[in-house]
Amino acid sequence: MWRMLCSDSRYNRRAEAPCASPATTCSSRTGRRAALGRFCCSSGTSMPLRKVWKTFWATPASSLMQATVKKVWKTFWATPASSLMQATVKKEYLNLQGRLLSSVKICTCSSLTSQAWSSVSTLHALSRPSDANLPDQWGLSSPEKHYSQMKELHDRWRLSTVNREYLVCPSYPPAVIVPKNIDDDMLEKVAKFRQGGRFPVLCYYHKKNGTVIMRSSQPLTGANRKRCREDEQLLQAAIEGSDKGYIIDTRSSQQALQASMTGGGFESKSCYSSWKRLHRQMERGKALQESLIKLVEACGDEYHNMDRWLSKLENSKWLSHVQTALSTAGLLAECVERDGHSVLVYGSEGKDSTLLISTLAQLIMDPYCRTLEGFLALLEREWVQAGHPFQQRCAHSAYSHARLQQESPVFLLLLDCVWQLWRQFPLALGFSEALLLRLATEAYASNYGTFLCNSDQERCVLGLKENTHCLFQALLRPRERDCYSNPLYEPTELAIWPSVHPQSLQLWRGFFLRRTPQARHLEEVQEEIRNMVIKWGKLALS
Amino acid sequence: MEHIRLPKVENVRLLDRVSPRRSRVGTLYLTATHTIFVENKTGVRNETWVLHSLVCSVEKQAAAASGCSLLIHCKNFQVLHFVVPREQECHDVHLSLQRLSQPVLCLAERHTELYCFSYKPNVDEKERCQEWDFLDLKADYSRMGLPNSLWKLSPVNQHYKVSDSYPADLFVPASATPPVIVGSSKFRSRGRFPTLSYYSKENHAAICRSSQPLSGFSARCLEDEQMLEAILRSNPCSDFMYVVDTRPKLNAIANRAAGKGYENEDNYSNIKFQFIGIENIHVMRNSQQKMLGACELRSPSMSDFLEGLESSGWLKHIKAVLDAGIFIAKAVAEEGVSVLVHCSDGWDRTAQVCSVACVLLDPYYRTLRGLMVLIEKDWVSFGHKFSHRCNHLVGDPKEVSPIIDQFLECVWQLMEQFPCAFEFNARFLITIHSHIYSCQYGNFIDLKLLRERTHSLWSYLWKNQADYINPLYRPDHSQTQGLLRPSTAPYCFKFWRGLYNRFDQGMHPRQSVEDYLRAIREETQQLEEQLKIAHLEQEQEWSVTQKAVTFDKSPTAWALGNDLGLANTPQDYTGGFITSSPCQPKAPDGRRILLTQDSNQTSESNLSSGSDQESGIADVSCRSPLSTDSTRDPDSDEAAYSAA
């Protein structure tokens with residue numbers, strides 16, 4: 001799958017706006033702007049590459065890049081598989097919030113050969129950011145490091161490397177944290193009982209009361225109520241010493257019941273007697289994608305009348321999804337922080353809404369996650385390492401005509417929810433709106449490797465860690481840090497409980513309407529605030 | 001006092017509007033001016049004050065086992081739900097409140113029941129008189145450069161003979177003679193002839209206002225035509241003028257049947273006629289009612305709320321007013337063309353549109369004093385019927401309409417788009433709003449003896465201006481300069497939670513950037529001053545000053561309040577599951593809409609922020625919005641644990 005997006009240079013600059021400091025511009029002389037492209041790949045059954053897509057910003061400086069693309073393109077056509085290809089080249093003018101955006105989309109559906117991939121690899125190497133100051137290690141942390149830092153955990157939890165070859169669960173990282181008295185053999189059995197092998201693992205330890213959040217995928221109980229003793233033991237071990245735990249299922253009980261007809265299911269009360277199941281229906285997949293498409297469409301037309309706008313906004317249901325996500329995360333956090341019980345979260349696959357609410361709950365409860373480093377580490381842990389399939393979910397954003405099954409803006413929904421938190425607690429988060437905007441851009445088009453691929457395994461196979469740079473590290477460099485930190489940040493130990501009343505939630509104008517002149521005014525405000533704080537800080541120090 | 005049938009009721013419950021399971025038990029006191037609810041709780045003294053003149057409706061619901069419900073809606077959008085244990089008590093309270101909230105007009109002692117006559121802050125008589133001299137409209141006209149060779153002050157309405165709803169001092173074109181003015185006034189509804197509202201020094205374009213002409217199907221009036229001609233000639237740079245009828249065309253045509261109507265372009269030389277289509281007061285009233293209905297929904301889904309907002313049409317009307325203001329502002333600033341604005345009587349839509357245009361045009365009206373002047377000029381002096389529209393007295397319910405609310409909201413919408421362009425903050429608008437309705441000050445009550453006996457809001461606001469300053473405002477900021485060019489794309493309009501859900505504390509952001517910035521700004525100023533002094537002083541004194549300048553990491557004002565006391569309270573996540581586990585023992589309940597009043601009471605007289613204090617919302621109780629939070633207990637919210 002190829003996609004090429006050529007836009008005018010103004011758009012390009014906007015896309016890169018958060019880092020458009022003079023220093024960055026200098027370093028971009030060697031074609032950095034041209035390099036703002038990205039492609040990623042995933043391993044298929046026959047060859048490591050099933051899909052490659054790339055977003056490419058055509059600017060005058062990108063001629064080198066274009067040449068390379070042509071070369072790859074030729075290779076691509078030359079392969080035998082190309083007879084199956086359907087190539088559509090579309091030139092369309094997208095009116096993105098009143099701004100003309102010319103885009104060329106090249107879409108083909110095919111499987112690429114390894115030959116094509118090797119060319120692509122070259123291309124990718126070229127597209128790496130030319131900034132050589134990044135540290136050698138890729139990523140901010142690793143499961144091992146995370147575990148070793150959490151000393152409190154060590155009594156009851158251990159680090160298991162049962163998945164070191166990615167055989168037990170292809171979408172998990174090589175090391176995961178599990179209850180101490182569950183050995184690797186048991187884990188393998190549990191993995192067989194959970195969809196995609198995603199057995200329950202620890203994702204958050206609440207220091208205040210020692211409770212935990214775990215996540216998994218749905219159990220494969222099926223219609224005839226299969227059981228798995230090891231799974232039951234694992235969950236029991238997780239709440240050792242406590243009278244009960246909660247299971248938050250992000251499907252309605254009806255959906256869960258339906259899932260059991262097709263091999264999935266839920267934990268029955270009789271087998272998991274100390275666990276209480278709570279169902280909170282969250283939309284996922286296609287419904288979410290449709291919602292985003294409708295919302296972006298509604299935001300694109302400024303000549304609507306008021307009624308039409310409000311009905312379109314309502315009809316898109318995007319804000320309803322934000323509301324549901326925040327309230328489910330609130331519920332999860334309440335179970336842990338106020339009720340003092342451990343929680344297991346899953347949806348069906350445990351790669352989307354599960355990650356969404358576990359991330360939000362951690363932001364609500366954990367002061368460290370609200371710092372700039374902490375937030376990025378959280379994203380790395382809960383999204384990149386935990387196997388959110390970025391490549392499948394963030395391939396096309398809202399303007400895709402090919403309605404892909406796998407496309408879904410879950411990550412964008414997370415960023416929106418975090419933005420709502422930031423709106424309600426403007427002093428409690430260590431990062432700024434600019435960071436969220438940058439992440440939203442990078443998830444779809446990036447010259448960093450962080451959001452490439454669907455899982456740790458794929459990243460490993462393709463050598464991403466050797467060949468690309470890590471976005472999170474780049475965002476923590478001093479000059480970027482200045483841009484992305486919140487000047488008003490006042491750390492607090494308390495939990496930040498968001499309000500989920502409809503009146504409290506707002507459209508994320510900074511993102512959905514970022515091309516309008518009003519967004520410029522809001523940026524000016526942030527600048528103004530930063531300047532005020534800097535001035536005050538200087539005076540206070542002098 | 002004779003209306004109070006029952007001065008005190010015990011064991012009354014006050015329910016939380018957002019989550020009705022939360023309630024507080026206390027005692028209800030009825031006084032001549034306020035209803036006070038005092039919570040029975042040792043330690044914290046938690047009081048809710050409701051000013052009677054702010055009560056909009058009192059509704060008694062059928063008795064239930066737990067008691068009899070009394071629902072009080074206030075004009076500042078506060079809703080109080082009391083449950084009184086005995087029905088008879090409830091009945092008495094209901095009748096008393098109904099009577100107390102509706103001051104009657106009796107001919108012998110007119111308006112004496114209004115709160116402004118009994119409101120006596122600790123101010124001596126001389127000061128009180130000075131309060132009324134605080135704003136001088138003549139000064140505003142001379143700021144515009146008037147009178148000059150083109151516009152003159154006309155004495156024609158000196159004794160309110162020509163138009164009793166117009167001010168005495170009016171500016172008219174230099175060439176307009178008294179016979180022309182009088183003739184024109186006879187051809188206009190209620191004698192409201194075309195007169196100046198705003199004049200642009202730079203290009204001589206002016207905004208004039210009037211009421212509709214009595215043209216019927218074919219009537220003409222030579223003087224009126226001469227009057228418009230004179231206005232046109234007062235703008236030497238332009239060879240035509242706009243006449244803007246702010247009504248929908250259909251309404252204007254319907255008026256012709258009643259002998260009123262609109263200007264015929266053929267009869268007036270060089271006018272361009274334009275309908276704008278702002279709906280009438282009845283549509284606006286119903287729209288606001290519907291919108292408030294959506295705000296009051298109990299635990300609505302996102303869709304419920306947005307549907308309610310859409311079907312109310314409220315934002316559509318706000319957009320219409322703003323669109324009209326933009327049209328006029330652009331005509332004046334960009335085309336340099338004078339505009340005559342009217343609607344039917346020229347005191348509702350015309351006031352809205354002219355004042356919105358002024359805010360867009362002139363940076364002065366975006367300052368604290370400027371907005372007060374603007375309201376005084378375009379609304380008070382030009383006879384907006386505050387008493388009818390705001391229901392100050394028992395009157396025709398069909399005359400009530402939120403016209404001024406819409407103007408304030410338009411300004412708020414502009415503030416949202418241009419956060420650095422306004423000297424005042426949203427709190428200022430909300431305070432003005434509540435005082436327009438509270439009758440605490442005499443400004444908005446149409447009565448001649450007001451100046452002798454009541455107080456003026458403007459000087460009160462000016463005295464407390466520190467609370468109303470927008471810390472982001474910079475007079476030299478690019479947003480602040482010249483004409484504002486707002487976008488009127490529908491997505492630029494937001495629901496004003498701060499006003500319509502003002503008392504639902506849980507809905508508002510838990511931390512205020514504005515307060516933080518204000519603290520920073522104040523400290524920066526102090527530091528700068530100290531540095532200046534330090535520079536002047538001798539070098540050995542440096543170290544001493546240094547010490548004084550040292551601050552801890554957070555601004556001091558911030559340190560006063562516990563920023564997250566409130567934050568540590570979960571919302572209703574439609575929880576309803578954890579039934580078995582009682583949460584922590586109930587500590588003093590903090591997260592209430594209302595302030596703890598102990599300190600505020602004593603200061604009521606000199607602060608005189610009457611209704612704001614009584615209603616006790618954090619964002620208006622300006623003293624220290626943060627410190628109030630410190631009394632809130634974090635772990636008090638049991639609602640989320642309620643059964644599903």
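This is a predicted model, so every value here is computed, not measured.

Re the overall build of chain A
Then, in step 1: Secondary structure assignment for chain A yields 22 helices and 11 strands.
Then, in step 2: Across the 542 residues in chain A, those meeting the buried criterion constitute 65%.
Then, in step 3: When contacts within chain A are restricted to residue pairs at least 6 apart in sequence, those whose partners lie at least 24 apart make up 75%.
Then, in step 4: Surface accessibility of chain A: about 19,800 Å² in total, with carbon and sulfur atoms responsible for 54%.

Some words on the side chain of N454 of chain A
Then, in step 1: Structurally, the position occupied by N454 of chain A is in the loop between α16 (433-444) and α17 (456-461).
Then, in step 2: Engagement of the side chain of N454 of chain A in a polar contact is seen with the backbone nitrogen of Q392 of chain A, the distance being 3.1 Å.

Observations concerning the interface of chain A and chain B
It is common to give the size of an interface as the accessible area that goes away when the parts come together.
Then, in step 1: Taken residue by residue, the interface counts 70 residues in chain A and 78 residues in chain B.
Then, in step 2: Area buried by chain A at its contact with chain B is led by R338, Q503 and W536 of chain A, which between them contribute 13% of it.
Then, in step 3: Where chain A touches chain B, the interface holds three salt bridges.
Then, in step 4: Of the charged contacts, one joins E528 of chain B and K535 of chain A as a salt bridge, the two residues approaching to 3.1 Å between their closest N and O atoms.
Then, in step 5: Along the contact surface separating chain A from chain B lie 21 residue pairs in polar contact (both at pLDDT 80 or more).
Then, in step 6: At the level of elements, β10 (275-279), α10 (306-316), α11 (318-338), α15 (410-424) and α22 (517-541) of chain A are the ones that each hand at least two residues to the side of chain A that touches chain B.
Then, in step 7: Of the residues forming the side of chain A that touches chain B, the biggest block, 13 residues, is contributed by α22 of chain A.

With respect to the environment of D307 of chain A
Then, in step 1: Relative to the elements of secondary structure, D307 of chain A occurs in helix α10.
Then, in step 2: On the basis of relative accessible area, D307 of chain A is assigned to the partly exposed category, the value being 24%.
Then, in step 3: With sequence-adjacent residues up to four places away left out, D307 of chain A is seen in contact with E310 and K316 of chain B.

Overview of the UniProt feature "domain: Tyrosine specific protein phosphatases" (unreviewed entry) in chain B
Then, in step 1: When the UniProt feature table is mapped onto this chain, "domain: Tyrosine specific protein phosphatases" (unreviewed entry) is found at residues 312-356 of chain B.
Then, in step 2: Secondary structure across residues 312-356 of chain B comprises 69% helix and 9% strand; the distance between its end C-alpha atoms is 22 Å.

Considerations on the pairing of strand β14 (residues 339-342) of chain B
All names here are of chain B.
Then, in step 1: Residues V339 and V341 line one face of β14 and the alternating positions L340 and H342 line the opposite face, and both faces are buried.
Then, in step 2: In terms of strand pairing, strand β11 (residues 206-210) meets β14 through four bridges, oriented parallel. Opposite R209, over in β14, you have V341 as the bridge partner.
Then, in step 3: As paired strands, strand β12 (residues 241-245) and β14 are joined by four bridges and run parallel to one another. Note that in β14 the partner of D245 across the bridge is H342.

Parameters at a glance
- Residues numbered from 1 in each chain as written.
- Chains lettered and ligands numbered in written order.
- Predicted model: local features only at pLDDT ≥ 70, side-chain atom pairs only at ≥ 80, totals over all residues.
- Heavy atoms only, no water.
- Helix = DSSP H or I, 4+ residues; strand = E, 2+ residues; numbered from the N terminus.
- Buried < 20%, exposed > 50% of the residue type's maximum accessible area, 1.4 Å probe, protein only.
- Contact = heavy atoms within 4.5 Å.
- Areas by Shrake-Rupley, 256 points an atom, 1.4 Å probe, with all protein chains shown as cover.
- Polar contact = N/O pair within 3.5 Å; in protein donor to acceptor, adjacent residues only side chain to side chain.
- Buried area = accessible area lost by both parts, 1.4 Å probe.
- Salt bridge = Lys/Arg side-chain N within 4 Å of Asp/Glu carboxyl O.
- UniProt positions renumbered as here; feature names shortened; annotations may be inferred.
- Pairing = 2+ DSSP bridges.

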